[in-house]
Amino acid sequence: MQIETDVAIVGAGPAGLFAAFECGMLRLECVLIDALSEAGGQCVALYPEKPIYDIPAHPAIEAGDLVASLERQLAPFAVPRLLGRRVESLSGLRGAFRLRTDAGDEVAAKAVIIAAGAGAFGPNRPPLEGIESFESTGAVQYFVRRRESFRGRRVVIAGGGDSAVDWALSLRDVAAKVWLVHRRDRFRAAPESLDRLDRAHARGEIEKVVPYQLHGLTGENGVLSGVTVATLDGEIRTLDADRLLPFFGLATDLGPIANWGLQTGLHTLIPVTPSTLETTLPGVFAIGDVATYPGKLKLILQGFSEAAMAAHAIHPIVRPEQALHFEYSTTKGVPVA
Ligand code: FAD
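Residues numbered from 1 in each chain as written. Predicted model: local features only at pLDDT ≥ 70, side-chain atom pairs only at ≥ 80, totals over all residues. Heavy atoms only, no water.

## Some thoughts on the overall build of the protein
Test applied: For the purposes of this entry, the term helix denotes a DSSP run of H or I that reaches at least four residues, the term strand denotes a run of E that reaches at least two, and both are numbered from the N terminus. For every residue, the accessible area (1.4 Å probe, protein chains only) is compared with the maximum for its type, and the residue is labelled buried under 20%, exposed over 50%, or partly exposed between those bounds. Contacts are residue-level and defined by heavy atoms, with any inter-residue pair within 4.5 Å sufficient. Per-residue and other accessible areas follow the Shrake-Rupley method at a 1.4 Å probe size, with only the shown protein chains counted as cover for residues. Under the counting rule used here, the positive set is Lys and Arg, the negative set is Asp and Glu, and His together with the chain ends is not counted. Charged side chains are reduced to one point each, which is NZ for Lys, CZ for Arg, CG for Asp and CD for Glu.
Helix and strand content of the protein: eight helices and 20 strands. With respect to the three principal axes, the spread of C-alpha positions in the protein is 70 × 40 × 35 Å. Counting the 337 residues in the protein, one finds 50% classified as buried. Taking contacts inside the protein between residues at least 6 apart in sequence as the whole, the part at least 24 apart equals 58%. Roughly 16100 Å² of accessible area belongs to the protein as shown, and the carbon and sulfur atoms make up 51% of that amount. Put simply, the protein has 33 plus and 39 minus side-chain charges, and the middle of one group is 2 Å from the middle of the other.

## A look at the pattern of salt bridges
Formally: The term salt bridge refers to a pairing of a side-chain nitrogen on Lys or Arg with a carboxyl oxygen on Asp or Glu at a separation within 4 Å.
All chains considered together, the criterion is met by 19 salt bridges. For K177, the salt bridge goes to E207, with nearest N and O atoms at 2.8 Å. Residue K177 is located in strand β11 (residues 177-181), and its partner E207 is located in strand β12 (residues 207-209); the two are separated by 30 residues in the primary sequence. Residue classification places K177 among the partly exposed residues on the basis of a relative accessible area of 22%. Measuring nitrogen to oxygen at the nearest pair gives 2.8 Å for the salt bridge that ties K296 to E306. One end of the pair, K296, is in the loop between β20 (291-292) and α7 (300-318); the other, E306, is in helix α7, and ten residues separate them in sequence. On the basis of relative accessible area, E306 is assigned to the buried category, the value being 1%.

## Quick notes on the nonpolar core
One broad trend across soluble globular proteins is that nonpolar side chains are buried collectively. Note the following rule: Residues grouped as a nonpolar core are buried Ala, Val, Leu, Ile, Met, Phe, Trp, Tyr and Cys residues, joined through side-chain atoms within 4.5 Å.
V7, I113, I114 and I287 are the most contacted members of the largest nonpolar core, which has 68 residues in total. Excluding anything up to four places from it in sequence, I287 contacts A15, A19, I113, I114, A115, L277, G303, E306, A307 and A310.

## Notes on the site of the ligand
Applied cut-off: Consider each residue's heavy atoms; a residue with any of them within 4 Å of a molecule or strand counts as near. Any pair of nitrogen or oxygen atoms within 3.5 Å is treated as a polar contact; in protein, a donor-acceptor pairing is required on top of that, and neighbouring residues in sequence qualify only through side-chain atoms on both sides. Under the grouping applied here, Gly and all other residues not named as nonpolar or charged are polar, the nonpolar ones being Ala, Val, Leu, Ile, Met, Phe, Trp, Tyr, Cys and Pro and the charged ones Asp, Glu, Lys and Arg.
Residues in contact with the ligand amount to 31 residues; listed here are only the nearest, D34, Q42, Y47, V87 and D289. A distance of 2.5 Å separates an oxygen atom of the ligand from a polar atom in the side chain of Y47. Between a nitrogen atom of the ligand and a side-chain N or O atom of D54, the distance comes to 2.9 Å. Relative to its free-state accessible area of 1000 Å², the ligand is covered by the protein chains to the extent of 87%. Of the residues assigned to the shell around the ligand, the class counts are 18 nonpolar, seven polar and six charged.

## Digging into the domain arrangement of the protein
Note: interface size is frequently given as the accessible area lost on complex formation between the parts. As a reminder of what qualifies: Domain ranges listed in this record stem from an automatic or a database domain assignment. A simple way to read buried area is as the amount of 1.4 Å-probe accessible surface that goes missing from two parts once joined, with both sides added.
Along its sequence, the protein is organised into domain 1 (2-121 + 250-332) and domain 2 (125-246). A straight line from the C-alpha centre of domain 1 to that of domain 2 covers 35 Å. Interface of domain 1 and domain 2: buried area, both sides summed, is about 640 Å²; carbon and sulfur atoms make up 49% of it. If you sort the residues of domain 1 by the area they bury against domain 2, A45, E49 and K50 come out on top, with a joint share of 58%. Put simply, domain 1 and domain 2 have one salt bridge between them. Between D166 and K50 there is a salt bridge; the shortest N-O distance is 3.7 Å. In this assembly, domain 1 and domain 2 are joined by one residue pair in polar contact (both at pLDDT 80 or more). For the side of domain 1 that touches domain 2, the residue count by class is five nonpolar, no polar and three charged.

## Considering the environment of E129
Examined against the element boundaries, E129 turns out to sit in the loop between β9 (122-123) and α4 (131-135). Taking the C-alpha atoms as reference points, E129 and G216, 87 residues apart in sequence, are found 6.8 Å from one another.

## Things to note about helix α5 (residues 162-171)
Here α5 lies mainly inside the structure; seven of its ten residues are buried. For α5, the set of buried residues is A164, V165, W167, A168, L169, S170 and L171.

## Digging into the pairing of strand β16 (residues 243-246)
Convention followed: Two strands qualify as a pair provided that DSSP identifies no fewer than 2 bridges between them.
A two-sided burial pattern is seen for β16, the buried positions comprising R243 and L245 on one face and L244 and P246 on the other. Note that strand β10 (residues 154-158) and β16 share four bridges and pair parallel. Opposite V156, over in β16, you have L244 as the bridge partner.

## Focus on the packing of α5 against helix α6 (residues 191-202)
Note the following rule: Throughout, an axis means a line fitted to C-alpha atoms (over the contacting stretch in the case of helices), and angles, computed between N-to-C directions, take values from 0 to 180 degrees. For classification, angles of less than 35 degrees are called roughly parallel, those exceeding 145 degrees roughly antiparallel, those between 65 and 115 degrees roughly perpendicular, and all remaining angles oblique. Rotating anticlockwise by less than a right angle from the far helix to the near helix defines a left-handed crossing, while the corresponding clockwise rotation defines a right-handed one.
Axis separation between α5 and α6 bottoms out at 10 Å; the angle between their running directions is 45°. Considered as vectors, α5 and α6 are oriented oblique to each other. In the packing of α5 onto α6, the handedness of the crossing is left-handed. Across the interface between the two elements, V165, D166 and L169 of α5 pack against S193, R196, L197 and A200 of α6. Looking at the contact of α5 with α6, its residues break down into four nonpolar, one polar and two charged.

Next comes the structure, spelled out in structure tokens:
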């Protein structure tokens, strides 16, 4: 697909979605591009049913509901999207950029906002033979999208951090059986969660399988019938589970963005000028988790504020002939074309 627009937004997580809204409020056209098949970034892909407690004016809101609200807010602008497409390359200069996706789309834009979070993220997969065939049927999953889908299941959860412990505690109410496998006998989770885990273990609601590591999977045609685990001494146990949830963190890789000359610092971050969110490439801006500057907090609310600042900084690039008068939304309403 060929698209010509004012602003190309790479990443449709909460920061990218709100940036699209802020562009709309300034009458800038934009396109949203995301490697995932649906918008929402980490909120939708990783924790849609978890409540978030630090979104201003929402004492608690589930991550999926937050994204649904962002979508409702953005709806009047009918922003085009390229979903399931990873942006591979960025070329050109301020006022005339060209982006290409892995599906062969070409986007011409006057400015670019990179809202790529932790990059086109993916889970760290345990190196188990044949695991792919169980992923495609949902027998092995890396994120809990719908807690209900585990009702009556026999679930092995692997990992020693907050996600593993929190999901073990949550799924014990719906699953027929929950094993929690960790290679050490100590877990790294919030003290309150650890107390709850100990109590659940004592009551037989969760079986801690420690110190064990994942060793293999049994089953056929994507139907899981068992998970084998082993100690470092080679002692093997088979757990007759039909679901495996490995929580070994996320592989955060900026992927192709690391080659765009944005002076990516340590890890996967793009340094920006805090007052404009502009990167070292004039006309290219970065917001949300991917952007860094002194005092940066990786919080959704910070991404929202950065989205507003970046859109205002971009306006003179796209409309050099028009002075931008700062206005409240209460004054101008939602300027739908
Ligand atoms: P993301 O949400 O990471 O979205 C980035 C998007 O960019 C992704 O969809 C990705 O596919 C896409 N992308 C990347 N590279 C490309 C490319 N080359 N081409 C196309 N698309 C690309 N924050 C809070 O404020 N409060 C909380 O309570 C909170 N709890 C959390 C709990 C969990 C379990 C997790 C994992 C995170 C939590 N966070 C919380 C953090 C919050 O989710 C992030 O700060 C937020 O998602 C960052 O938004 P973003 O839009 O910058 O990036």
